[in-house]
There are 2 protein chains.
Amino acid sequence: MGTYVIGIDVGGTSVKMGLFDKGGRLICKWSIPTDRSDGGIHILPDIALSVKKQLADKKISLSEAAGAGIGLPGPVMGSQTVYGCPNLGWGRVNAAAQLSAALDGMKTAAVNDANAATLGEMWQGSGKGCSSLVMVTLGTGVGSGVIIGGQIVEGAFGAAGEIGHMCMNPQETRLCGCGKRGHLEQYASATGIVRETRAALESSSQPSVLRELSDFDAKAIFDAARAGDAFALSRVKELADVLGRALAAVSCVLDPQVFLLGGGVSGAGEFLSSAVQDSYRHYAFSGTEETPVRIAALGADAGIYGAAKLVLGEE
Amino acid sequence: MGTYVIGIDVGGTSVKMGLFDKGGRLICKWSIPTDRSDGGIHILPDIALSVKKQLADKKISLSEAAGAGIGLPGPVMGSQTVYGCPNLGWGRVNAAAQLSAALDGMKTAAVNDANAATLGEMWQGSGKGCSSLVMVTLGTGVGSGVIIGGQIVEGAFGAAGEIGHMCMNPQETRLCGCGKRGHLEQYASATGIVRETRAALESSSQPSVLRELSDFDAKAIFDAARAGDAFALSRVKELADVLGRALAAVSCVLDPQVFLLGGGVSGAGEFLSSAVQDSYRHYAFSGTEETPVRIAALGADAGIYGAAKLVLGEE
C-alpha cells in the first residue's frame, strides 16, 4: 500500500483536491473548475489528469498513492455509484470505477459529499475520537451525514442524512424546495433563516437594526443578535429551537456521541452552537441530554479529508 | 460450535425462553415466573437452572448449544452490561458474564428487549432479507429497535431506539411519563391512544359507539373504526398521522429498508399499517416514499428469536 492518499470533493463550480499522508496530514490542496459541458463527461478525466500532474510535480509515483476518494453531490450507493448529480449534469455514474480506470487502476471509492464532510470531521476535525456522529450542514440547503459504528450510513435509497427534509411543522402552508411542507431546511438553511426573518420583520413592529439594511444575509442577523439587537436575538433563538428539536429527534433514534454543525451558517460559531445545545437539552430524551453540539472544525476542507479517509478505510 | 442456540426474553412478570436450531427453527419454548425479590438476584440463576433442565430433558448437552442470548428491559451496552432495569429491581449488571458463569462458560450475549425483537423480526419475521430496519413497538409505551448494516444500534448512552420520546408537538402542555412534553408515546402507545380518544370524545359531540361503552381499550377503538364508526376512524387517522410523521423523520436520517410495527396495538393489522403507510408517504422525503410499513410477524416470540440470533452472530 502507498504512503499517500488523495481526497477529491466535486462541487458544481469547482473540484477541490487534497494530497494527504496516511496519518491525516494535508500535504497540499488545489482545485480545478468543474466543466459541466457535454453532460459533465469531462469532469472525471479532468480530475485524473490534475491528480497525475500534481503527483508528478511532487515526484510521487501513482503506486505510492494508497488510493483516491471522491465526494459527489448526489446519493452514492456501495461506495461506487452515484444515482444522479443534477449539479453536474450526471445521471447514474459508477464514479469509483471510472476514476479508477482513468488513474491506471488506482484504488478508489465514492461517497456523498455531506457524508464525506462528516467522515472528514471524524478523522481530523471536531468529531475526532468518535465512532458515531451526525453532522448537519447549514448552507443554501440543510444536509447531513450520519456515521454509526465508524461507518457511513448511506440508506436503502441513498437518502440517509436528508435531515433537511424532516417535517418540523405539519401546519406549514409554504412549500419546501422538495415540494412538501414544513421541512427543517425551510427554517434553518441560510436562505430559510433570512426568509423567516423578513417575514417576522413584516409581521411585527419591533425595532431592529435589520430594518435599516436594504438587504441582509444570515451573517447580518447573527451579527445584530451578538450586538444585542433583541429582535435578531429572538430570530437566533427561533432557529436554535427548531434545530435543537431536530437533533433531539435524531438522538432518540440513534443516540450519537456528538452532533456537529457545519456549512456557512456555522460561521456564527459558539454563539450558535451553545444556543442549539440549550434547545437540544430542552427537547432531548433525559438519557441523552448531555450529547455535545459542536461547530465543525475543517470548514470547506472537510470533504477532501473525508474522501481521503474513505479510501483509506480502517487503516 | 454447537447445533442449538437459546433465546431468552426477560420481562417484569415472566421470562420467556426458546430453543432453536441454528437455521432459526424454534424447537420448543417455555417460560418461568420472574422472581423480583431480593433486588432480582435470583433471576439469572433461575434462568440458568431452567435452561439446563430443558436441555437435559431434550438430551442435549451444554456443549451442543452454540450459546444463549438474553434480552433485557433496559439499555444494554457492548452486548454485555445492562445499565439498570427498574422492572427487575436491577442496577448495572453484566448479565452476559453472569449468565455465562451460571451456564458453565457457555457463550452468551445481552441485548435490549426492543432491539432483540427487531433482530428477531430481521432473522425470521417481517424483516427477513433486510439488513436495515426500524421496528416500533406500540404497547403500554412506545419502544423501538434500530438495525443498520445488520447490526443493532445501541447508541452512545444506550438510548438509540427511544423513538417514543420524539417530540411530535412542541406546543403540548401535558407531560409524557419521562417528564418532557409532546412525545410520540403520549399519542401512540396503547394508553396514549385511549387517553387521546377520551379527550376527543369529551371535547366533541360527534356520535360514536365508543360513547356507549363504560370503558374501552385501543382494540375497541380499532374495532369501532373498522365497523365504520366515523369518530373512531378519525382517531385511527390521527394516530396514523403522528406515527407516519415520526417514521418519516426516522427515514430522512436513516433511510431504512423497512419499518415494522409490533406490540399489542399492532394487532390491528393491515388496517393500521396501511393507514400509517399513507401518512408516512405524505410526510416522507420524496426519495423514500416507497419504504414499506409492515406489521411484525413473530408477536411475543420476537424477543427470543432475536436474543438467539444475537449470540449466533453472522453465522
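Structure report, in brief. Note that the structure is predicted; figures quoted are calculated from it, not measured.

1. Thoughts on the interface of chain B and chain A
Stage number 1. Between chain B and chain A, the contact holds 39 residues from the first and 39 residues from the second.
Stage number 2. It is K180, V253 and F285 of chain B in chain B that bury the most area against chain A; as a group they hold 21% of the surface buried on that side.
Stage number 3. For the pair chain B and chain A, the interface holds two salt bridges.
Stage number 4. In this structure, E289 of chain B and K180 of chain A form a salt bridge, with 2.6 Å as the shortest nitrogen-oxygen distance.
Stage number 5. Between the two partners, chain B and chain A, sit 24 residue pairs in polar contact (both at pLDDT 80 or more).
Stage number 6. Listed by contribution, the elements that provide at least two residues to the side of chain B that touches chain A are strand 10 (142-148), helix 8 (230-254) and helix 9 (270-283) of chain B.
Stage number 7. By residue number, the principal contributor to the side of chain B that touches chain A is helix 8 of chain B, which donates seven residues.

2. Regarding the pattern of salt bridges
Residue and element names in this part refer to chain A.
Stage number 1. Enumeration over the complete set of coordinates arrives at 22 salt bridges over all chains.
Stage number 2. Notably, a salt bridge pairs R198 with D215, separated by 2.6 Å at the nearest N-O pair. On the criterion of sequence distance, the pair formed by R198 in helix 6 (residues 190-202) and D215 in the loop between helix 6 and helix 7 (218-226) is long-range, its members being 17 residues apart.
Stage number 3. Of the residues examined, R198 reaches a relative accessible area of 30% and is grouped as partly exposed.
Stage number 4. One salt-bridge network, in which partners are shared between bridges, spans E172, R174 and E196.

3. Some words on the packing of aromatic side chains
All names here are of chain A.
Stage number 1. According to the stated counting rule, one finds nine aromatic pairs over all chains in the structure shown.
Stage number 2. Taken together, the ring pairs in this structure connect F20, W123 and Y305 into an aromatic cluster.
Stage number 3. The ring of F216 carries R198 above its face, with NZ or CZ at 4.6 Å from the centroid.

4. Thoughts on the side chain of R245 of chain A
All names here are of chain A.
Stage number 1. Within the secondary structure, R245 sits in helix 8 (residues 230-254).
Stage number 2. Nearest to the buried, unbridged R245 among oppositely charged side chains is D241, at 4.4 Å.
Stage number 3. There is a polar contact of 3.1 Å between the side chain of R245 and the backbone oxygen of M168.

5. Things to note about the sheet that holds strand 7 (residues 90-94) of chain A
Hydrogen bonding along the main chain pairs the strands of a sheet, whether they run parallel or antiparallel.
Residues and elements named next belong to chain A.
Stage number 1. Here we have three strands laid out as an open sheet, ordered 5-6-7, and antiparallel in their pairing. Two strands lie at the open edges of the sheet, namely strand 5 (76-77) and strand 7, each paired on one side alone.
Stage number 2. In this sheet, strand 6 (residues 81-85) lies alongside strand 5 in antiparallel orientation, the contact comprising two bridges. Paired with V76 across the bridge in strand 6 is V82.

6. Quick word on the environment of G2 of chain B
All names here are of chain B.
Stage number 1. Its location among the elements puts G2 in the segment before strand 1 (4-10).
Stage number 2. Separated by 63 residues in the primary sequence, G2 and A65 place their C-alpha atoms 4.5 Å from one another.
Stage number 3. Excluding residues that lie within four positions of it along the chain, G2 makes contacts with K22, S63, E64, A65 and A66.

7. Structural notes on the relation of the copies chain B and chain A
Stage number 1. For the pair chain B and chain A, the best superposition has an RMSD of 0.0 Å and corresponds to a rotation of 180 degrees with a translation of 0.0 Å parallel to the axis. Expressed as an axis order, the relation between the two copies is that of a two-fold axis.
Stage number 2. Of all interface residues in chain B, 100% are interface residues in chain A too; the two copies therefore contact each other through one and the same surface.

8. Some thoughts on the sheet that holds strand 10 of chain B
Residues and elements named next belong to chain B.
Stage number 1. Spatially, five strands are ordered 11-10-9-12-13 in an open sheet, and the strand pairing comes out mixed. At either end of the open sheet lies a strand with only one pairing partner, and these are strand 11 (151-152) and strand 13 (293-295).
Stage number 2. With three bridges connecting them, strand 12 (residues 258-262) and strand 13 associate as parallel partners. When the bridges of strand 13 are listed, F259 appears paired with V293.
Stage number 3. Set on the sheet, helix 8 makes contact with strand 9 (133-138), strand 10, strand 12 and strand 13; between it and strand 9 the angle comes to about 155 degrees.
Stage number 4. Across the sheet, helix 9 lies against strand 9, strand 12 and strand 13, angled at about 165 degrees from strand 13, the strand it touches most.

9. Re the pairing of strand 9 of chain B
Residues and elements named next belong to chain B.
Stage number 1. Among the six residues that make up strand 9, five are buried, leaving the element largely enclosed by the rest of the structure.
Stage number 2. Sheet analysis places strand 9 next to strand 10, joined by six bridges and oriented antiparallel. Within strand 10, the residue paired with T137 across the bridge is G143.
Stage number 3. Taking the residues between adjacent antiparallel strands as the criterion, strand 9 and strand 10 are bridged by three residues.
Stage number 4. Here five bridges tie strand 9 to strand 12, and the two strands are oriented parallel to one another. Directly across from L133, in strand 12, lies its bridge partner V258.

10. Focus: the packing of helix 8 of chain B against helix 9 of chain B
All names here are of chain B.
Stage number 1. Relative orientation of the contacting elements helix 8 and helix 9 amounts to 55 degrees, with a least axis distance of 7 Å. It follows from the interaxial angle that helix 8 and helix 9 lie oblique. In this structure, helix 8 crosses over helix 9, and the sense of that crossing is right-handed. Along its contact with helix 8, which presents L233, V236, L239, A240, D241, L243, G244, R245, L247, A248 and S251, the element helix 9 presents F271, L272, A275, V276, S279, Y280 and Y283.

11. Section: the packing of helix 2 (residues 43-57) of chain A against helix 3 (residues 95-102) of chain A
Residue and element names in this part refer to chain A.
Stage number 1. Between helix 2 and helix 3, the least distance of the axes is 9 Å, while the angle of their chain directions is 45 degrees. In terms of orientation, helix 2 and helix 3 fall into the oblique class. Here helix 2 and helix 3 pass one another in a crossing that is right-handed. Residues L44, I47, A48 and K52 of helix 2 lie in contact with helix 3, whose contacting residues are A95, Q98, L99 and A102.
Stage number 2. Residue classes in the contact of helix 2 with helix 3 are distributed as six nonpolar, one polar and one charged.

12. As for the nonpolar core
Stage number 1. If you look at the biggest cluster of nonpolar residues, it comprises 104 residues, and the most contacted ones within it are M166 and L254 of chain A together with M166 and L254 of chain B.
Stage number 2. Those residues in contact with M166 of chain A that sit more than four places away from it in its chain are G182, H183, L184, A246, A249 and V250 of chain A together with A249, C252 and V253 of chain B.

Quick notes on the rules
Residues numbered from 1 in each chain as written. Chains lettered and ligands numbered in written order. Predicted model: local features only at pLDDT ≥ 70, side-chain atom pairs only at ≥ 80, totals over all residues. Heavy atoms only, no water. Contact = heavy atoms within 4.5 Å. Buried area = accessible area lost by both parts, 1.4 Å probe. Salt bridge = Lys/Arg side-chain N within 4 Å of Asp/Glu carboxyl O. Polar contact = N/O pair within 3.5 Å; in protein donor to acceptor, adjacent residues only side chain to side chain. Helix = DSSP H or I, 4+ residues; strand = E, 2+ residues; numbered from the N terminus. Buried < 20%, exposed > 50% of the residue type's maximum accessible area, 1.4 Å probe, protein only. Phe/Tyr/Trp six-rings, centres within 6.5 Å; stacked < 30°, edge-to-face > 60°. Lys NZ or Arg CZ within 6 Å of the ring centre and 35° of its normal. Lys, Arg positive; Asp, Glu negative; His and termini not counted. Pairing = 2+ DSSP bridges. Least-squares fit on C-alpha atoms with pLDDT ≥ 70 in both. Axes fitted to C-alpha atoms, helices over the stretch in contact; angles between N-to-C directions. Parallel < 35°, antiparallel > 145°, perpendicular 65-115°, else oblique. Left-handed = near helix turned anticlockwise from the far one by under 90°. Nonpolar A, V, L, I, M, F, W, Y, C, P; charged D, E, K, R; others polar. Core = buried A, V, L, I, M, F, W, Y, C linked by side-chain atoms within 4.5 Å.

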